[in-house]
Amino acid sequence: MPDSKRIEPRRGLFWEELPAGTIFVTGARTITETDLVTLTTFAGINEPLFIDARRAKDFGYEGRLVPGVLTYTVAEGLIVQTGVFHDTGMAFLGATLRQVSPVYVGDTIHVEVEVTESRASSKPGRGVVASVARVLSDRNGLVLEYTPIRLVRSITTN
């Protein structure tokens, strides 16, 4: 039997590898009718703007609106899919969030992330990475902006 080699899984970046000014861009994803129905049903968000196209039109919108929480959730999923925090992300510490423009069923979104701060935490083996996540849609440009703060492993995990 030939010698086997241990293969290390792809890993994310440590906080020291994410200095302020680092920018990364996610892949894109189209928000579907199924996404909207699943979220509004699961979370009980039965606001007419999200479930009644005629009502949304009465308020001057082009179609069924997507709740900001769905846009945010898909954005976080897109960030996870980049692998930047795979096996190095330890915790989501908080964020501020601002909805800028509407998102509709059928819009395709992606996220541009810019690291604004990266520093050691008070505990060894980890750091704090702050960033601005800008969610952009193919229809309305910037639609959501939030400022996640994450706890991320250190290269030296004392």
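Residues numbered from 1 in each chain as written. Predicted model: local features only at pLDDT ≥ 70, side-chain atom pairs only at ≥ 80, totals over all residues. Heavy atoms only, no water.

Undergrad: A description of the overall build of the chain should follow, citing residues and the corresponding values.
TA: Along its length, the chain carries four helices and eight strands. Its helices and strands taken in sequence order, the chain reads β-β-α-α-α-α-β-β-β-β-β-β from the N to the C terminus. Here the C-alpha radius of gyration of the chain, 19 Å, is well above what a compact globule of 158 residues would show, namely 15 Å. Dimensions of the chain, computed from the C-alpha atoms along their principal axes, are close to 65 × 45 × 25 Å. For the chain, buried positions account for 37% of its 158 residues. Accessible surface computed for the chain: about 9,200 Å², of which carbon and sulfur atoms make up 55%. Of note, the chain has its 17 positive side-chain charges centred 4 Å away from the centre of its 18 negative side-chain charges. (Helix = DSSP H or I, 4+ residues; strand = E, 2+ residues; numbered from the N terminus. Rg over C-alpha atoms; globule rule 2.2 N^0.38 Å. Buried < 20%, exposed > 50% of the residue type's maximum accessible area, 1.4 Å probe, protein only. Areas by Shrake-Rupley, 256 points an atom, 1.4 Å probe, with all protein chains shown as cover. Lys, Arg positive; Asp, Glu negative; His and termini not counted. Charge placed at Lys NZ, Arg CZ, Asp CG, Glu CD.)

Undergrad: Describe the packing of aromatic side chains, with residues and values.
TA: Enumeration over the complete set of coordinates arrives at two aromatic pairs. For the ring pair phenylalanine 24 and phenylalanine 85, a centre distance of 6.5 Å and an interplane angle of 70° mean the geometry is edge-to-face. Here phenylalanine 85 lies in the loop between helix H4 (68-81) and strand S3 (89-94) and phenylalanine 24 lies in strand S1 (residues 23-25), a separation of 61 residues in the sequence. Like phenylalanine 85, phenylalanine 24 is buried. When the centroid spacing of 5.0 Å and the interplanar angle of 80° are considered together, the rings of tyrosine 72 and tyrosine 146 count as edge-to-face. (Phe/Tyr/Trp six-rings, centres within 6.5 Å; stacked < 30°, edge-to-face > 60°.)

Undergrad: Report on helix H1 (residues 33-43), specifying residues and quantitative values.
TA: Burial in H1 covers these residues: Asp35, Leu36, Leu39 and Thr40. Along H1, the residues classed as buried sweep out an arc of 115° about the axis, all on the same side. Opposite the buried face of H1, by more than 90 degrees, sit the exposed residues Thr34, Thr41 and Phe42. For H1, the secondary structure elements touched by its buried residues are strand S2 (29-30), helix H2 (48-51) and H4. Of the residues flanking the end of H1, it is glycine 44, one or two places downstream, whose phi is positive at about 75°. (Arc of directions from axis to C-beta. Contact = heavy atoms within 4.5 Å.)

Undergrad: I'd like a rundown of unusual backbone geometry, residues and numbers included.
TA: The general pattern is negative phi for most residues beyond glycine and trans for most peptide bonds. The phi dihedral of aspartate 87 falls on the positive side, at around 65°, and the residue is not glycine. Summarising the element assignment, aspartate 87 is placed in the loop between H4 and S3. In this structure aspartate 87 comes out as exposed when scored by relative accessible area, which is 53%.

Don't take any of this as a statement about function, it's just geometry.
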